[in-house]
Amino acid sequence: LSTSLPLDLNALEQALLGMDCEDGRFGRLLCSRLGYQRVSAGRWEGSEESGLEREVSCVVKCPPKPMLPDQTRVVIRQRLQRQGGERLLLEREVGTLDIPYGESFRVQERWVALASAAGGGGDGGVQLRVWSYVQFKGRKAALMASKIRSHALKKSRKAATAAAELLARVASAEEEEEQPPPPAPPGAAFTAGAGGSGLGGAGGG
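An account of the accompanying structure is given in this report. Given the structure is predicted, the values throughout are model-derived calculations rather than measurements.

What counts and how
- Residues numbered from 1 in each chain as written.
- Predicted model: local features only at pLDDT ≥ 70, side-chain atom pairs only at ≥ 80, totals over all residues.
- Heavy atoms only, no water.
- Helix = DSSP H or I, 4+ residues; strand = E, 2+ residues; numbered from the N terminus.
- Buried < 20%, exposed > 50% of the residue type's maximum accessible area, 1.4 Å probe, protein only.
- Contact = heavy atoms within 4.5 Å.
- Areas by Shrake-Rupley, 256 points an atom, 1.4 Å probe, with all protein chains shown as cover.
- Arc of directions from axis to C-beta.
- Core = buried A, V, L, I, M, F, W, Y, C linked by side-chain atoms within 4.5 Å.
- Pairing = 2+ DSSP bridges.
- Salt bridge = Lys/Arg side-chain N within 4 Å of Asp/Glu carboxyl O.
- Polar contact = N/O pair within 3.5 Å; in protein donor to acceptor, adjacent residues only side chain to side chain.
- Patch = residues over 30% accessible without salt bridge, like charges linked within 9 Å, V, L, I, M, F, W, Y side chains within 5 Å.
- Lys, Arg positive; Asp, Glu negative; His and termini not counted.
- Charge placed at Lys NZ, Arg CZ, Asp CG, Glu CD.

**Concerning the overall build of the protein chain**
Helices and strands together make up the secondary structure of the protein chain, namely five helices and eight strands. Reading the secondary structure of the protein chain in the N-to-C direction produces β-α-α-β-β-β-β-β-β-β-α-α-α. By residue count, 36% of the 205 residues in the protein chain fall in the buried class. Excluding contacts between residues fewer than 6 apart, the proportion of contacts in the protein chain whose partners are at least 24 apart in sequence is 52%. Carbon and sulfur atoms form 52% of the exposed surface of the protein chain, whose accessible area is close to 12,300 Å².

**Let's talk about helix H2 (residues 25–34)**
Residues lying three or four places apart along an α-helix face the same way, a consequence of the helix completing one turn every 3.6 residues. Among all positions in H2, only Phe-26, Gly-27, Leu-30 and Cys-31 are buried. One side of H2 holds all its buried residues, which, seen down the axis, span an arc of 130 degrees.

**Some remarks on the nonpolar core**
Core analysis: the biggest nonpolar cluster contains 24 residues, and Leu-5, Leu-12, Leu-16, Met-19, Phe-26, Leu-88 and Trp-111 have the highest contact counts within it. When residues of this core are traced back to their parent elements, those giving at least two are helix H1 (9–16), H2, strand S6 (87–96), strand S7 (105–115), strand S8 (126–136) and helix H3 (145–178). Among the elements that take part in this core, H3 stands out by supplying seven residues, more than any other. Among all residues touching Leu-88, those that are not within four sequence positions of it are Leu-9, Leu-12, Glu-13, Leu-16, Leu-80, Gln-81, Arg-82, Trp-111, Val-112 and Ala-113. In terms of nonpolar packing, the next biggest core, distinct from the first, is built from 15 residues, Val-74, Ile-76, Val-94 and Ala-152 among them.

**A word on the pairing of S7**
Of all 11 residues in S7, eight are buried; the element is thus mostly enclosed. Bridge analysis of S6 against S7 gives eight bridges, and the strand direction is antiparallel. Across the sheet, the residue bridging to Leu-90 is Trp-111, located in S7.

**A look at the pattern of salt bridges**
Pairs may arise between side chains of opposite charge once their charged atoms sit close together. Enumeration according to the criterion identifies 10 salt bridges in this entry. Across the pair Glu-13 and Arg-82 runs a salt bridge, and its minimum N-O distance is 2.8 Å. Pair noted here: Glu-13 is in helix H1 and Arg-82 is in strand S5 (residues 71–82), with a separation of 69 residues, a long-range link. You can call Arg-82 buried: its relative accessible area is 15%. Residue Glu-53 is joined to Arg-79 by a salt bridge in which the shortest nitrogen-to-oxygen separation is 3.8 Å.

**Some words on H1**
All of the buried residues along H1 are Leu-9, Leu-12, Glu-13, Ala-15 and Leu-16. Looking down the long axis of H1, one finds its buried residues gathered within 160 degrees of arc, a one-sided arrangement. Looking at where H1 begins, the residue whose side-chain oxygen comes 3.1 Å from the main-chain nitrogen of Asn-10 is Asp-8.

**Describing a positive patch on the surface**
A grouping of Lys-65, Lys-147, Lys-154, Lys-155, Arg-157 and Lys-158 is seen on the molecular surface, where their side chains present a positively charged patch. Summarising the element assignment, Lys-158 is placed in helix H3. Residue classification places Lys-158 among the exposed residues on the basis of a relative accessible area of 66%.

**Considering the environment of Met-67**
Following the sequence through the fold, Met-67 ends up in the loop between strand S4 (51–61) and S5. Of the residues examined, Met-67 reaches a relative accessible area of 73% and is grouped as exposed. Along the sequence, Met-67 and Pro-100 sit 33 residues apart, while their C-alpha atoms lie 7.2 Å from each other.

**Digging into unusual backbone geometry**
Unlike most non-glycine residues, Asp-20 shows phi in positive territory, near 65 degrees. Along the chain, Asp-20 turns up in the loop between H1 and H2.

**Remarks on the environment of Trp-131**
Relative to the assigned elements, Trp-131 resides in strand S8. The spacing of Trp-131 and Gln-108 is 23 residues in sequence and 8.3 Å in space, taken between C-alpha atoms. Once you skip the residues sitting within four places of it in the chain, Trp-131 turns out to touch Gln-108, Glu-109, Arg-110 and Val-112.

Have a look at this one:
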């Protein structure tokens, strides 16, 4: 995935601190879109310079397909690091535990956001790129590796695309909220005041 987002690096960092949990507008929208239930997010540990880390757990319903359970536990490990003033890195590892071979692989994502050159200090939006990989643990899933990899990467790309769309939506909504209301037309305040207090009638008498 490669896309541009209409928010600065600081705003993106704040949004990603709430990713995969219900902290903040972006997090709530993403959990709803991805069907996360019973979300439990640990506290961020570490520092912005060396990297903040935490673990999130939730439950997700499975589609009605053979061999799949009704729902599955999902564990997400996150690491967020600010690399200078113009680069932000998010590493995300997702384990879907209760599906067939779910204990045998993890989906690893690397999100890299760069401040647009026009922004100078990151005020001109960001360029976001997301890479996804599948890491297998042991040889238990060897015969199904190709199918697992294809399906897992497809789901990862779909989730990343949804997250990017929601980040852009949240940024647009916040920008609209920050806009001052349009000025009232000349004379509007006087007209409203006169009608409400009956001053027009008093002047005529």
